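Descriptive analysis of the structure
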Amino acid sequence: MTKSFNAACGVYSCLLFEIALVTAGTLQAQTPPPSSTPSPSTTDYDFRWSVKIQMRDKVELNATLYLPKTRDGSLPKTPVIFTLTPYISDSYHARGAYFASHGYAFALVDVRGRGNSGGEFEPFVNDPPDGHDLVEWFAKQPFCDGKVAMWGGSYAGFDQWATAKELPPHLATIIPAAAAHPGLDYPSTQNVGLTYDMQWYTFTSGRTGQQNLFGDQKFWRTKFLDAYKKHIPFKSLDSFVGNPSVNFQRILKHPTLDAYYDAMVPTREQFQKITVPVLTITAQYDGDELGALSYYRDHLANSSSEVRAKHFLVIGPWDHAGTRTPTDEVAGIKFGPGAVIDLNDLHRLWYDWTMKNGPRPEFLKNQVAYYLLAAGNSGANGEWKYADNLETLVANPKIFYLDSKNGDANGVFRTGSLAENRPNEGSDTFIYDPLDTTRGETVDGIDPKEKTAGIDQTYPLSIGKDGLVYHTEALPNEAPFIGCPAVTLWLSIDTPDVDLSAHLYEIQPDGTGIVLWSDTRRLRYRDSLREAKPVKPGEIVRCDFNPGLFVARRLMKGSRLRLVVSSPNSIHFQKNYCSGGVVAEETAKDARTSHVQVYHDATHPSTIQLPLR
């Protein structure tokens, strides 16, 4: 893997943590390939370059084939594994070499419109039928034994579910890692647009990789900060950065979860018919954990017990790139040596089990494998744990209630509380001014924080009248924190709309802050991502932050949990000017300052669910 691709993945990881720190939620749904093995460990394979594969509409996709060698030089007959990628197939060379040297035919295929494939690149749209046609083409080749599987993550994780929903007869198994989910984490998060869209659309513009331009993080941050300060409409971001984009303009026509995105992912009926073995891989700091776990839950909810028994889940501690190449630390958060497992080997053993009658991989001791981060931040003593199912594992969180003294929770040192006793009265207020650019300039800025973003406290320390902060009491003992945090806010605003974010941290006894969880919401979509529901001024409404993101960490004795509630005001997010109009078209002239009142009384108890064990 080239240094440029490694750098591009570093950009993604850093941006993910900054989104968690500065605004909320998961970042963009697709990224360049993560770093692979540094170089192929063997030359024991053959290859065929520029193999053209015709789709049903006569468009030809381009593949590079990696084939195992045989002693007598004959063509081997093995299962075929393939990756369908927009990132130029050569970027996965080391993966192809690895699997071919371990007895599998492996194919790297450029999606249509990218690399040497024909057609036009419209992200995600053509991959379901193309994936089906590729499976069936490979199954008929003389080097295939009739079994076809898939490999890949992020966009290529989506491709596996997209292919499976088309039910190709010869698909034997899938291993979707960090799978993007159109409508949930692409092209926005919970219908809130991301400036990263244009960085990614530039990376995937044309036929070749733009990895150096994509990886120029200071350039992109400078551009996004400039657009933010000038209050340009989000719809003009592509022209503003210098790359008018058909794909960017296309997604602006679909600002909500609608039929356009529905066609890309499995329906309920299709999930019911997906019976192949599945290994889902995601991680606690994976920007596509939302998508990966949504597929996982939807498949299990619509499957028989026999099919559920063949769907395994691995949740590591890593970031997005780590779901394919694990590391022991990201952005200042230390995972420990136990986190570094050989995922190439796990994939191979899974393929051996499902396609060659080998034993089940020893690592998969139960249906769910998750990594429990150790207390503190030394990385020592982190360990893999197992559960029968995710639903039971995350059940029964503890409810804590938001409260404050005299309505004062506007800062880390003027904090409200998170307590198990339900308050009888009270509320807190913060102000969101779309024209205030302080946070974008001073908290975001143009300098990345690649080595410290996961422990950086610049954002919570910047909170004043523009946000609310709540803390638990110090924990009397070390405590496992295993499950899916969720927040419910009862609130009113004096504008038609506003964006909201919630962030959760562990604040350790020495003051170290660890990012645990975050989510973001656009209030008009509080009841449904499919339909806007304007807010009446002064009306008290409920807003749930419950994305189902998994966290597993031992909290230190003496630690406190910190919840920060505010409105996203960041160079990384599409800005909501609170007019209630089309957000992508809004500018400074539409800006309305929103006064957000969060209630915590007997009738409107704002709460947080904390999975303390």
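Above this note sits the structure.
All values reported here derive from a predicted model rather than from experimental measurement.

**Digging into the pattern of salt bridges**
The full count for this structure, using the stated rule, is 21 salt bridges. For Arg-348, the salt bridge identified is with Asp-345, shortest N-O distance 2.4 Å. Here Arg-348 and its partner Asp-345 are both found in helix α14 (residues 343-355), 3 residues apart, which amounts to about one turn of the helix. Since its relative accessible area comes to 18%, Arg-348 is described here as buried. With relative accessibility at 24%, the residue Asp-345 sits in the partly exposed group. Across the pair Asp-497 and Arg-524 runs a salt bridge, and its minimum N-O distance is 2.6 Å. In this pair, Asp-497 sits in the loop between β22 (486-492) and β23 (499-507) while Arg-524 sits in the loop between β24 (513-522) and β25 (541-545), placing the two residues 27 residues apart along the sequence. In this structure, Asp-497 and Arg-524 share a single accessibility class: buried. Among the charged side chains, a network of salt bridges with common partners joins Asp-57, Arg-112 and Asp-130.

**Brief notes about unusual backbone geometry**
Cis geometry is adopted by the peptide bond preceding Pro-187, which originates at Tyr-186 and carries an omega value of -5°. Within the fold, Pro-187 resides in the loop between β8 (176-177) and β9 (188-189). A positive phi is found at Asn-381, a non-glycine position, where the angle reads about 70°.

**Some words on the sheet that holds strand β7 (residues 171-173)**
The strand order across the open sheet built from 6 strands is β1-β2-β4-β3-β5-β7, with neighbouring strands paired in mixed fashion. A strand with exactly one partner marks an edge of an open sheet, and here the two such strands are β1 (45-54) and β7. Going from strand to strand, the sheet's axes swing by 30° on average, the running direction of each strand aside. Bridge count for strand β2 (residues 60-68) against strand β4 (residues 105-110) is 4 bridges, and the pairing is antiparallel. Following the sheet pairing, Thr-64 is matched in β4 by Leu-108. Across the sheet, helix α2 (residues 93-101) is in contact with β1, β2, β3 (78-85) and β4; its angle to β2 comes to roughly 45°.

**A closer look at the pairing of strand β12 (residues 311-319)**
Among the 9 residues of β12, 9 are classified as buried, and the element is accordingly described as predominantly covered. Looking at chain direction, strand β11 (residues 278-285) and β12 are connected through 7 bridges and run parallel. Looking at the pairing, Val-278 lines up with His-311 of β12. With 3 bridges connecting them, β12 and strand β15 (residues 368-372) associate as parallel partners. When the bridges of β15 are listed, Leu-313 appears paired with Val-368.

**Some points on helix α5 (residues 196-203)**
Judged by how many residues are buried, α5 sits mostly within the fold: 8 of 8 residues are covered. Here α5 has its buried residues at Tyr-196, Asp-197, Met-198, Gln-199, Trp-200, Tyr-201, Thr-202 and Phe-203.

**Here we look at the packing of helix α3 (residues 127-139) against helix α4 (residues 155-164)**
Closest axis-to-axis distance for the α3/α4 pair is 8 Å, and the angle between their directions is 75°. With respect to each other, α3 and α4 are oriented roughly perpendicular. Contacts from Asp-127, Pro-128, Gly-131, His-132 and Val-135 of α3 reach α4 at Tyr-155, Phe-158, Asp-159, Ala-162 and Thr-163. Here the residues of the contact of α3 with α4 are counted per class, giving 5 nonpolar, 3 polar and 2 charged.

**Details of the state of the cysteines**
Scanning the entire structure with this criterion turns up 0 disulfides. In this structure Cys-543 is not part of a disulfide, and its nearest cysteine sulfur, from Cys-578, lies 13 Å away. For Cys-543, a relative accessible area of 0% corresponds to the buried category.

**With respect to the side chain of Asn-243**
Mapped onto the elements, Asn-243 comes out in the loop between α8 (237-241) and α9 (246-252). Here the side chain of Asn-243 touches Thr-202 through a polar contact of 3.1 Å, side chain to side chain. A polar contact is formed between the side chain of Asn-243 and the side chain of Ser-205, at a distance of 3.1 Å.

**Things to note about the environment of Gly-103**
One can find Gly-103 in the loop between α2 and β4. Residue Gly-103 is classed as partly exposed on the basis of its relative accessible area, which comes to 21%. The spatial distance from the C-alpha of Gly-103 to the C-alpha of Phe-573 is 45 Å, given a sequence separation of 470 residues. In contact with Gly-103, not counting residues within four places along its chain, are Pro-68, Thr-78 and Lys-356.

**Comments concerning the nonpolar core**
Among the nonpolar cores identified, the biggest contains 160 residues, and Phe-82, Phe-138, Trp-318 and Tyr-351 are the most heavily contacted of them. Counting residues in each nonpolar core, the second largest holds 16 residues, with Leu-293, Ile-315, Leu-372 and Ala-552 among its members.

**Quick notes on the pairing of strand β21 (residues 479-483)**
Summarising burial for β21: 4 of the 5 residues are buried, a large majority. Relative to strand β26 (residues 551-555), β21 runs antiparallel, the two being bridged by 5 bridges. Bridged to Ile-482 within β26 is Ala-552.

**Some words on the packing of aromatic side chains**
Here the structure, examined in full by the defined rule, presents 37 aromatic pairs. Between the aromatic rings of Phe-124 and Phe-158, the centroid separation amounts to 4.6 Å while the plane-to-plane angle is 75°, which identifies the pairing as edge-to-face. Within this pair, whereas Phe-124 is found in the loop between β4 and α3, its partner Phe-158 is found in helix α4, the two being separated by 34 residues in sequence. Given a relative accessible area of 0%, Phe-124 falls into the buried group. Seen from their ring centres, Trp-161 and Phe-271 are 5.8 Å apart, and the 65° between their planes marks the pair as edge-to-face. A residue pair is termed long-range when its members are at least 10 positions apart, and Trp-161 in helix α4 and Phe-271 in helix α11 (residues 268-273) qualify at 110 residues.

How each quantity is defined
- Counting restarts for each chain: residues are numbered from 1 in the order of the written sequence.
- The predicted nature of this model means local features are confined to residues of pLDDT at least 70 and side-chain atom pairs, given and counted, to a pLDDT of 80 or more, with totals for whole chains, interfaces and linings taken over all residues.
- Excluded from the side-chain calculations are hydrogens and water; all other atoms, namely the structure's heavy atoms, are used.
- What makes a salt bridge here is a side-chain nitrogen of Lys or Arg within 4 Å of a carboxyl oxygen of Asp or Glu, nothing more.
- Helix numbers and strand numbers start at the N terminus; a helix is a DSSP run of H or I with at least 4 residues, a strand a run of E with at least 2.
- Think of it in three bands: residues with accessible area under 20% of the maximum for their type are buried, residues over 50% are exposed, and the middle band is partly exposed, with areas taken using a 1.4 Å probe on protein chains only.
- For two strands to count as paired, DSSP must find a minimum of two bridges between them.
- Helix axes are fitted to C-alpha atoms over the stretch in contact, other axes to C-alpha atoms as well, and angles between N-to-C directions run from 0 to 180 degrees.
- Note on contacts: a residue pair is in contact if any heavy atoms of the two residues lie within 4.5 Å.
- For classification purposes, angles smaller than 35 degrees are called roughly parallel, those larger than 145 roughly antiparallel, those between 65 and 115 roughly perpendicular, and all remaining angles oblique.
- Three classes are used: nonpolar for Ala, Val, Leu, Ile, Met, Phe, Trp, Tyr, Cys and Pro, charged for Asp, Glu, Lys and Arg, and polar for all others, with Gly counted as polar.
- Only a pair of cysteine sulfur atoms within 2.5 Å qualifies as a disulfide here.
- Counting of polar contacts relies on pairs of N or O atoms within 3.5 Å, with two restrictions inside protein: one atom must be capable of donating a hydrogen and the other of accepting it, and residues adjacent in sequence are counted only when both atoms are side-chain atoms.
- Take the buried residues of types Ala, Val, Leu, Ile, Met, Phe, Trp, Tyr and Cys, join any two whose side-chain atoms come within 4.5 Å, and each joined set is a nonpolar core.
- For Phe, Tyr and Trp, where Trp contributes only its six-membered ring, two rings pair if their centres lie within 6.5 Å, and the inter-plane angle classes them as stacked under 30 degrees, edge-to-face over 60, or tilted in between.

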